[in-house]
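Chain and residue survey
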Amino acid sequence: MSSEVINTKRAKQAATGPYGKVGHALNELDDRLGVAKGGRTFLDKIFPDHWSFMLGEIALYSFVVLLATGVFLTLYYIPSTALTTYHGSYLPLDGQRVTEAYASSVNLSFAVRAGLLMRQMHHWACDIFIGAIVVHMARVFFTGAFRKPRELNWTIGTTLMILAIVNGFLGYSLPDDLVSGTGIRIAYSIILSIPVVGSYLGFLVFGGNFPGTMVIPRFFILHVLIVPALILGLVGAHLFLLVRQKHTQFPGKGRTENNVVGTPMFPVFMAKTTGFLLVVAGVTALLGAFAQINPIWQFGPYEASRISYAVQPDWYMGFLDGALRIWPSWSFHSFGYTIPLEVTVPAVILPGILFNIAYVWPAFERKFTKDFAMHNLLDRPSNRPKRTAAGVAVLSLLSMLFIASSTDVIANFFHLPLNQVLWGMRILVILSPFVAYPVTWKICQELRVVEGGGKRKTTNVVTRTAQGEYVATAAPAYVDDVHAELEASEVPTFIVDETDEQGSAGTRTVDR
Amino acid sequence: MSEHDESRTPVALSGLSANDPHLQPAARNPQLVERVIALCFLVGIILVIGFGACYWVNAKPWTLGATMGGGLFFLGVGLVAWGKYLMPRGPFVEERHTLANSEGDRDAFAAAIVERGGTVIKRRKMLGGLLGGGLGIFSIVAIFPLIRSLGPLPKSTLFHTDWRPGSFAVDITGRRVRKGDLAVGSIVTVYPEGFQDTDNGQAVDQTVLIRISNQDFTTQKGRETWGPAGYIAYSKLCTHLGCPVGLYEQQLQLLVCPCHQSMFNATNGAVPNFGPAPRPLPQLPLYIDADGYLRAQKDYGQPVGPGFWERS
């Protein structure tokens, strides 16, 4: 009896071959799903190494943190504007009539163990998520990673950025505190400002005139289901395209348009990226522990006739708020109708233009440069002066608009008249792109002809001889230093032509 | 140096011998790195256990975050270092395969759509038209339950408030405001009686009542009777974006909106003299009844708050 059992076991072991139980399990899986070939290709997939490829990972992993902490919050949050009397552990609010949404937000912060940590982590993860998206997008833009064949992924990424901003605003609104409620009020007025359909749209979104009773439940379901589902689906598409089209890489030794050089998915990249997920989650938790964010119990509950000083949105809405502050009070009235341009232009048309520039940029650049080729090698930003200058111009415009959202705080802090700060910001906003463009363009032109530009300098080893003489010799390149091998990419013809037109080409050479 | 160069050349992942330099760890001193990583993991484990302990004893929130964050951080740093310094250093190379298929495959794909599908649709144009029409009609009809049900039509909602002829002005607690209640230069937010607790009363009807000394005040044409005994009432909704105009600068007698710093001249019809607000705050006509109570003569007579298309 027992020897028979042992024999069967041995037979099974023999059947599994040299890879033991894992091999056996994989055989069973492959019989049913046929995964061996594709799985091996996936594990062998090569990921190029560069610190800037980490930016997208920060965005992805802060989204993971958002999902995890967000699920925790939904278990305690009540999406209702029904009134209740607060009798929680935060005594200054005791006995106040507040909405269920506000009361549950305060309660999950104070009465639920680890609740405050989860809420602060959620808020920090959101700010990091959108920040990482923007920086990642800048990296993709400045290095030309959006070029053929990756235009579709650029479009998906831009959509993801917009969805992230929208969902950030929706989530920020849910606690129904005084500051976020004012934000909702402003959002309603912005919808109202859209010509012809504005009032209808506003009434449909809010279920009637502001504030109504529907806005919190509707924002809730949008925030926790509909927009995250869209984001999740598009993140899936974003990553699928990335795997299908493979990574871009910077030019370097052995790297061509037709290969990928780096480390394999398993185990190297998997270890690094999983470790990085833990680091992102850890840093978010440390921020949640030590850096207070959005203390809604200090703001108090939202009441439509109350307001607080220095009302500012989260950072990613700052550029809109800044634009609303500095745009002049030009309202358009004619034929018995009004177009509130003082709102429509800065809050509807401006973001519309900016986001559409992002969407059409790949097509615009293709048309402009007549470059229809496939690109898997990245650009050095200085080798593309016009693109880099355009990107810096837009970023500086956005930065100035962001600063303009603090005009009152700046005026108070520096004891300046508000009027001077306002006009200063108006001038800076208009001027900044026109200064940033030529300055960046010039810097790029200069950098392109720098000898050894973009290469890492090797260390000098200084030795003293017996005679007391100092001799400096270049150290051998560090074995893992891939950047030392950076080669200049070919300068595209349209840039060389342009340098000729500038008349300065005679004094410099662009080929290294 | 030449040995270095050899090992720096990217190679394919498969078919390498075990002692190939590409499969060696990147660290020059793997033993040391291993110890450092082990230390990271140990610190991480201690902190993660600490997280559990802090949760168990219900310690302060920051201790939860510090232990959890620190624990995840050290575990993560250790794992990244493991991957970076102790795993095969490469570099490895993988060829890209062109995504595009052969000309023949492309043509066959296009032919399948154009010829097979095309003939079917061309032959049965009427059926296709009917089906398309049906689905088109459905998508239009479906807009109504999907979109139209979301809310009522605005109609005239945006054009009036709950202030009626004779409405008593009450404060947030519902107390009626009398003639002697406000000192000169002071301000209170009032609502039409019965609406101070309602959403609409809070969001739409909110009105600032200011008592102004008469010599400062410029009476607007047609509003001679609207401010009895120096009591002036303006809509509290900023005409820019509808924030409450909640600040009153007593010296200059300016009403200030803290959202985008629009300022309205309280002594001169609440005309905006700074910021993005395009219109004066609408003024509510008041009268003082025989018992000394402040009451509204009538509604504002124009939409309060921010601009919109139908507003003339």
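Thresholds applied
Residues numbered from 1 in each chain as written. Chains lettered and ligands numbered in written order. Predicted model: local features only at pLDDT ≥ 70, side-chain atom pairs only at ≥ 80, totals over all residues. Heavy atoms only, no water. Helix = DSSP H or I, 4+ residues; strand = E, 2+ residues; numbered from the N terminus. Contact = heavy atoms within 4.5 Å. Buried area = accessible area lost by both parts, 1.4 Å probe. Salt bridge = Lys/Arg side-chain N within 4 Å of Asp/Glu carboxyl O. Pairing = 2+ DSSP bridges. Axes fitted to C-alpha atoms, helices over the stretch in contact; angles between N-to-C directions. 1 Å grid on protein atoms, 1.4 Å probe; cavity = no way out; pocket = protein on both sides within 12 Å on 5 of 7 lines; lining within 4 Å. Points joined across faces, edges and corners; volume = space filled by probe spheres on them. Nonpolar A, V, L, I, M, F, W, Y, C, P; charged D, E, K, R; others polar. Phe/Tyr/Trp six-rings, centres within 6.5 Å; stacked < 30°, edge-to-face > 60°. Buried < 20%, exposed > 50% of the residue type's maximum accessible area, 1.4 Å probe, protein only. Lys NZ or Arg CZ within 6 Å of the ring centre and 35° of its normal. pLDDT = per-residue confidence, 0-100. Polar contact = N/O pair within 3.5 Å; in protein donor to acceptor, adjacent residues only side chain to side chain. Disulfide = S-S within 2.5 Å.

Assigned secondary structure in chain A consists of 18 helices and eight strands. Look at the contacts in chain A between residues 6 or more apart in sequence, and 74% of them connect residues 24 or more apart.

Right, let's get into the interface of chain A and chain B. With 100 residues of chain A at the contact, the number on the chain B side is 87 residues. Each partner contributes to the roughly 7800 Å² buried at the junction of chain A and chain B, and carbon and sulfur atoms together form 66% of this total. Inspection of the chain A/chain B interface yields zero salt bridges. Element by element, the count of residues in the side of chain A that touches chain B is highest for helix α11 (residues 265-290) of chain A, at 16 residues. Taken together, the four bridges between strand β4 (residues 259-264) of chain A and strand β1 (residues 92-95) of chain B define a ladder with antiparallel strand orientation. Among the inter-strand pairings, Val 260 of chain A is bridged to a residue of β1 of chain B, identified as Glu 94 of chain B.

All names here are of chain B. Spatially, the four strands line up as an open sheet ordered β6-β7-β8-β9, and their pairing is antiparallel. Only two strands of the sheet have a single neighbouring strand rather than two, namely β6 (247-249) and β9 (271-274). Neighbour-to-neighbour, the strand axes of the sheet open up by a mean angle of 35 degrees, direction not taken into account. Where β6 meets strand β7 (residues 254-256), three bridges bridge the pair, whose relative direction is antiparallel. Opposite Tyr 248, over in β7, you have Leu 255 as the bridge partner.

Here the focus is empty space enclosed by the protein. This model, assessed by the stated rule, comprises five cavities of 30 Å³ or more. Of the voids in this model, the largest cavity is the one considered here, and its volume is about 110 Å³. In terms of lining, the largest cavity is formed by 13 residues, of which the most central are Arg 185 and Asn 209 of chain A together with Leu 158, Leu 237 and Val 304 of chain B. With three residues, the top contributor of residues to the lining of the largest cavity is helix α8 (residues 178-192) of chain A. Within the lining of the largest cavity, the residues separate by chemical class into nine nonpolar, three polar and one charged. Along its surface, the second largest cavity is lined by Phe 146, Arg 147, Lys 148, Pro 362, Glu 365, Arg 366, Thr 369, Asp 371, Ala 373 and His 375 of chain A. Partitioned by chemical class, the residues of the lining of the second largest cavity number three nonpolar, two polar and five charged.

What follows deals with the layout of surface pockets. Residues and elements named next belong to chain A. In this structure, the second largest pocket encloses a volume near 1300 Å³. Lining the second largest pocket are 42 residues, with Val 166, Phe 169, Ala 187, Ile 191 and Met 317 sitting closest to its centre. Those elements that provide at least two residues to the lining of the second largest pocket are α7 (151-173), α8, α9 (198-206), α10 (215-245), α13 (318-326) and α14 (341-369).

Residue and element names in this part refer to chain B. Note on placement: Ala 12 falls in the loop between α1 (2-8) and α2 (30-56). Between the C-alpha atoms of Ala 12 and Tyr 234, which are 222 residues apart in sequence, the distance is 77 Å. Those residues in contact with Ala 12 that lie beyond four places of it in its chain are Phe 92 and Val 93.

Now for the packing of aromatic side chains. Applying the stated criterion across every chain yields a total of 29 aromatic pairs over all chains. Residues Phe 413 of chain A and Phe 414 of chain A carry aromatic rings whose centres are separated by 5.1 Å and whose planes lie at 85 degrees to one another, so their mutual orientation is edge-to-face. We note that Phe 413 of chain A, like Phe 414 of chain A, is exposed. Aromatic side chains Phe 168 of chain B and Tyr 293 of chain B sit 5.7 Å apart centroid to centroid with 85 degrees between the ring planes, which places their arrangement in the edge-to-face category. Remark: Tyr 293 of chain B occurs in the loop between β11 (286-288) and β12 (294-296) and Phe 168 of chain B occurs in the loop between α5 (125-146) and β2 (169-170); sequence separation between them is 125 residues. Looking at Phe 168 of chain B, the relative accessible area reads 13%, which means it is buried. Within the aromatic cluster, the residues linked to one another by ring pairs are Phe 141, Phe 142, Phe 146, Trp 154, Trp 361, Phe 364 and Phe 368 of chain A. Taking the ring centre of Tyr 55 of chain B as reference, the NZ or CZ of Arg 113 of chain A above it sits at 5.3 Å. Positioned above the aromatic ring of Tyr 293 of chain B, the side-chain terminus of Arg 178 of chain B is 5.0 Å from the ring centre.

For chain B, per-residue confidence averages 91 on the pLDDT scale, and residues scoring 70 or more make up 98% of the total. The lowest-confidence element of chain B is α1 of chain B, averaging 56 in pLDDT; the highest-confidence one is α2 of chain B, averaging 97.

All names here are of chain A. Inspection of the secondary structure assignment puts His 375 in the loop between α14 and α15 (385-404). Within the structure, His 375 has its side chain in polar contact with the side chain of Asp 371 (distance 2.7 Å). Apart from residues lying up to four places away in sequence, His 375 is in contact with Arg 147, Lys 148, Pro 149, Arg 150 and Glu 257.

All names here are of chain A. Across the six residues that make up β4, a large majority, six, are buried. Relative to β4, strand β1 (residues 46-47) runs antiparallel, the two being bridged by two bridges. Pairing of Ile 46 across the sheet is with Pro 264, part of β4.

Our focus in this paragraph is the state of the cysteines. Residue and element names in this part refer to chain B. Scanning all chains against the criterion turns up one disulfide over all chains. Each sulfur of the disulfide joining Cys 243 and Cys 259 lies 2.2 Å from the other. Across the disulfide from Cys 243 to Cys 259, rotation about the S-S bond amounts to roughly -90 degrees, and the bridge is consequently left-handed. Pair noted here: Cys 243 is in the loop between β5 (231-235) and β6 and Cys 259 is in the loop between β7 and β8 (263-265), with a separation of 16 residues, a long-range link. Exposure remark for Cys 243: the relative accessible area of 1% places this residue in the buried category.

Another aspect to go through is the confidence of the model for chain A. Residue and element names in this part refer to chain A. Across chain A, the average pLDDT comes to 89, with 88% of residues at or above 70. Contacts from residues 483-488, a stretch scored under 50 in pLDDT, to residues over four places away or in other chains number 14 contacts. Every residue in residues 495-512 scores below 50 in pLDDT, and together they form 29 contacts with partners more than four places removed in sequence or on other chains.

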